[in-house]
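# Descriptive structure summary
Chain residues, written in single-letter form:
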Number of protein chains: 2
Amino acid sequence: MKLTCSSVDLQTHLSLSCRAVPSRPSHPILGNILLSACSDTQQIHLTAFNLSLGIKTRFLAHIETGGQVTIPAKLFQDIVSHLPEGDITVSVQPEPQETEDADPSWMITLTHASGRYQFKGTNPEDFPQLPAINGGHSLQIPTSSLSEGVQSSLVATSTDEAKQVLCGVHLTVQPDFLEFAATDGHRLAVAQTATQVTETETTDEAQAEPTQLTIPTKTLTELDRILSTSKPENPIALYYCQGQVIFDAQSAYLTSRTLEGQYPEYRALIPKKFKNHITVEKRQLLKALERIAILADPKNKVIRLTLDKKNQHVLLTTATENGTGQEVIPAQISGKDLEIAFNSQYLIEGLKVTKTSDIRLQINETHSPAILTPLGGQNLTYLLMPVQITG
Amino acid sequence: MKLTCSSVDLQTHLSLSCRAVPSRPSHPILGNILLSACSDTQQIHLTAFNLSLGIKTRFLAHIETGGQVTIPAKLFQDIVSHLPEGDITVSVQPEPQETEDADPSWMITLTHASGRYQFKGTNPEDFPQLPAINGGHSLQIPTSSLSEGVQSSLVATSTDEAKQVLCGVHLTVQPDFLEFAATDGHRLAVAQTATQVTETETTDEAQAEPTQLTIPTKTLTELDRILSTSKPENPIALYYCQGQVIFDAQSAYLTSRTLEGQYPEYRALIPKKFKNHITVEKRQLLKALERIAILADPKNKVIRLTLDKKNQHVLLTTATENGTGQEVIPAQISGKDLEIAFNSQYLIEGLKVTKTSDIRLQINETHSPAILTPLGGQNLTYLLMPVQITG
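Computed from a predicted model, the values in this text were never measured in an experiment. (Residues numbered from 1 in each chain as written. Chains lettered and ligands numbered in written order. Predicted model: local features only at pLDDT ≥ 70, side-chain atom pairs only at ≥ 80, totals over all residues. Heavy atoms only, no water.)

Let us now look at the relation of the copies chain A and chain B. Placing chain A over chain B gives an RMSD of 0.0 Å and needs a rotation angle of 180°, together with 0.0 Å of translation along the axis. Both chain copies can therefore be described as sitting about a two-fold axis. Residue S23 of chain A, judged by its C-alpha, is the member of chain A lying nearest the rotation axis, at 15 Å. A shared binding surface is used by both copies, with 100% of the interface residues of chain A retained as interface residues in chain B. (Least-squares fit on C-alpha atoms with pLDDT ≥ 70 in both. Contact = heavy atoms within 4.5 Å.)

Set out below in C-alpha cells:
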C-alpha cells in the first residue's frame, strides 16, 4: 500500500474518526484505526469502532497502491497532529514473520518533507466490520434540520446509565418534520425542525406508523461534530433497522446501536394552556441566573422567581447560609403575581440552547410544570418541573 | 464602610490577589480576602496571604466611608467575575451579636445596576499582617528587565520540594545587570538582563557583596502575572532582608519568603570553550522535536542528535519499541561529526523560552554539557546535560 495525501486532510479526518476509539479498549484491536486506501476511487477511509459507535471518514488522496492496515490510534493521531502543512506519504510493507504461526504485522512508514516515522500496524482482518443495514428504511434529511434538532435536545438527556432509554434522544420522523425529544425526568426538551424528508427506500410493504428511534447521547454528540464540518444544505442519508442506525454524511459515515425500550409518552406532559406568560430578554435572564446560581444551594441549586405584574419585572432570589442574592429583570408579564422555584442549572441549560434574543416562560401554578420557548424561528419546547418552595 | 468602584477594576485586582489564597487554607481566615478602603487616598486594597506568599493590589475607587473587612475569597470572586460592566457599590455593616462573646461579623452588600448580593464577612483583625521589611535593602528595577529574566529562567527550576533551594530562581543584583539562575540538576538556565539598578536605601554601612536572593518558583510565577499588567518602562521597587523579599509594582505589592541555603556555584558548570557550534532555525527545530518526542521513550524521553557537517544538517532520531522517527534540520555546523543524546523535554522547554528566530547549540563531546543560546537580543545560557547513548 502506498499513498500521498495532505497532512491537513489526514488531521481533520483522523480527529473525527478517533472520537469512536474507546479510551480503554475492551479488545486491543479497538484501540486502532483501520486505514483503507482504494486505488479505484482514490479515496482513503479511516474507521474507528467501539462496538457501539462506529465512525468511518473518507477523503480524496493520491493512491498509488491500495490496501488496508490497522494502526495504533493514539500514536498515529499524536504524530499526524504535529505534522507541518504539506503532502505526506504513507507506505505499508509486510514485516518478515519470525515464526510461521506468528501474527502477521506491517511496517508503516510516514514521510513528510523533512522527516520519516515508522511504526507497526496489525492485521486489518482482525478489525471488526461496522454493522451494515440490509433492507430496513432509508431517508434523506437536510444537514441543517438534523443539526438544529440535535443541538436543541441533547442537553435534556439523562447521564444516569440506569435510566437506559432516557440516555438518548428520541427521534420521530414525520413526512414534513422531525421531532427530537429528550428528558431526564426533571426537564423535557422537544424540538421540531420542519423539513422535507425523502423516504428513499423501504422493505416494508406499508409503513403506517412514523419512524421512531432512540439514539444514544454520545452518538449524537459525535454526529453534531461531523455535521458541523458539512455544508448546511447537504442531505444526510439515514438508514435504520431494528437496533441499528446509520448516518451517512458525504465525508463521514456514523453507525450506532439504538436504545431499546418504550420511550415515555412525553407529549401528554406538556400543558396546552397557561395562566401566566412572561417574555424576557434571554441574555439578561441568563447572566442574572448565572450570577445568582453562585449563591444557590450547591445540592439542589434552587432559585426563586417572583412575578411582579404591576412593575412588569421578575425578581430572582436565592438565600442560603452563604448569603442572599436578588436580581430584577424587566419582563412583559400577563397573568397574576406568583412565586415559583426552579433548579437554576436546568433553567440555565434550557436558555443556552435557545437561539433567539427573547424567550417566553409559561407557568400555571407554583407546583405545575412550566415551559420555556424561544420567541420566533426555533421550534423548541423546554419543559421544567418546579421545585417545592420551602420557608 | 461604603464604596463604589468599577466592576472591571474589581475583577482584575481580585483575580490577581486571589492567586495567593491557598486552595486548602491551614487556617480558615486565609481562605479570605482582606478588603480595605481608605477614604483619604480613595483607594481599595485587596490582600491575600498563604503565609509564604502575600499579594496586595490597589486601585482607585470612590470611597464614601473607609474601613476594612475580610470576605470569603472564592465566593466573592465567583460573584464578582459574573458582574456586568459598570459601577458596583460595596457596603459593610456590623451584624448584631447574638451573645456577648460571639465573634463579631459583618454583612457585606454588593449592589449593581439590576441586582444585590449579601454575604457575611469576618473580623479583619484576625487577618494576618503581610510581613514588612524595616531596614534592609531597597532597589528600583525596570519592569521589562525583571520580566525578561523571570520568564527565561523559571522553566529550569526543580519541582521536587526535597531539593529546597533548587525550587526557586537565584537572583544576583549587580549595579548594571541582573542575573537569574535556575537549575533542577539536569539543566541550568542563566539569564542576564542589562539594566540600571538604583540602590535607593540600605542600612548596611558598606555592601561589598552583590545582592543574592533565591526566590520560590510560585512567587515568581505570580510576579510575572503582575508584571504583565504593568507598563514595561515602570520601575518595580524591590525590598529585601534576611528571609523576605517584597516586589512593589504600582498596582500590586507582592511579599514572599526567600529560600534559605547555599545556592550551587553554577557559573563553574558552564564550559568556556566548545568544539562544535550549530546554528539552526529555532521554530523548525522545535516543531521537529515536538513530533519526534512522541515516539521517544516516555520515561527518559531520549532523542539523539547526529551532526552531519558535510551536509550541513542535524539528524534527529529516536527508536523505541513503538517505532522509529527521524527528522532532518538544515544547520550551520562548525566542528566535527558527532552524536549526542538529550532528554527531548528539556531541549523543547529550553527552546520555548528563547525569543529569537535562530538559536545556537554548542557542544564539546558526547558526554559533556552542551549549551543552547538565542542568537541576538536575549542574554540566556541554557545548559543541558546529555544522556548516555546506548545501543
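There's more to say after this.
Turning next to the packing of aromatic side chains. Two numbers describe a pair of aromatic rings. These are the distance of the centres and the angle of the planes. Counted by the stated rule, this structure contains four aromatic pairs over all chains. Where Y263 of chain B meets Y266 of chain B, the ring centres are 6.0 Å apart and the plane angle is 80°; that geometry is what we call edge-to-face. Comparing Y263 of chain B with Y266 of chain B shows no difference in burial state: the two are buried. A cation sits over an aromatic face here: K56 of chain A above Y253 of chain A, 5.5 Å from the ring centre. (Phe/Tyr/Trp six-rings, centres within 6.5 Å; stacked < 30°, edge-to-face > 60°. Buried < 20%, exposed > 50% of the residue type's maximum accessible area, 1.4 Å probe, protein only. Lys NZ or Arg CZ within 6 Å of the ring centre and 35° of its normal.)

Under the feature "domain: DNA polymerase III beta sliding clamp N-terminal" (unreviewed entry), the UniProt entry names residues 1–131 of chain A. Taken end to end, residues 1–131 of chain A comprises 15% helix and 45% strand; its first and last C-alpha atoms sit 25 Å apart. (UniProt positions renumbered as here; feature names shortened; annotations may be inferred. Helix = DSSP H or I, 4+ residues; strand = E, 2+ residues; numbered from the N terminus.)

Turning to the sheet that holds strand β26 (residues 370–374) of chain B, a few remarks are in order. Residue and element names in this part refer to chain B. Strand order in the open sheet made by the nine strands is β15-β11-β12-β13-β27-β26-β25-β19-β23, with antiparallel pairing throughout. Edge positions in the sheet fall to β15 (211–216) and β23 (332–334), since each has one partner strand and no second. Each adjacent strand pair in this sheet contributes to an overall mean axis angle of 15°, direction not counted. Across six bridges, strand β13 (residues 187–194) lies against strand β27 (residues 379–384) in antiparallel orientation. Within β27, the position partnered with R187 by the bridge is L384. Contacts from helix α5 (residues 282–292) reach β19 (276–281) and β25 (358–363), with the element oriented near 90° to β19. (Pairing = 2+ DSSP bridges. Axes fitted to C-alpha atoms, helices over the stretch in contact; angles between N-to-C directions.)

Here the domain parsing of chain A yields domain 1 (2–126), domain 2 (137–267) and domain 3 (271–384). Its C-alpha centre places domain 1 of chain A at a distance of 50 Å from the equivalent point of domain 3 of chain A. (Domains from an automatic or database assignment.)

We now examine the side chain of E222 of chain B. Assignment of secondary structure puts E222 of chain B in helix α4 (residues 217–227). Here E222 of chain B is in contact with R19, L53, I55 and L254 of chain B, once residues within four sequence places are set aside.

Turning to the interface of chain A and chain B, a few remarks are in order. By convention, interface size is frequently given as the accessible area that disappears when the constituent parts associate. Taken residue by residue, the interface counts 27 residues in chain A and 27 residues in chain B. Its largest share of buried area at the contact with chain B, chain A owes to Y117, R291 and I294 of chain A, together 28% of the area lost on that side. The interface formed by chain A and chain B contains zero salt bridges. Put simply, chain A and chain B have 18 residue pairs in polar contact (both at pLDDT 80 or more) between them. (Buried area = accessible area lost by both parts, 1.4 Å probe. Salt bridge = Lys/Arg side-chain N within 4 Å of Asp/Glu carboxyl O. Polar contact = N/O pair within 3.5 Å; in protein donor to acceptor, adjacent residues only side chain to side chain.)

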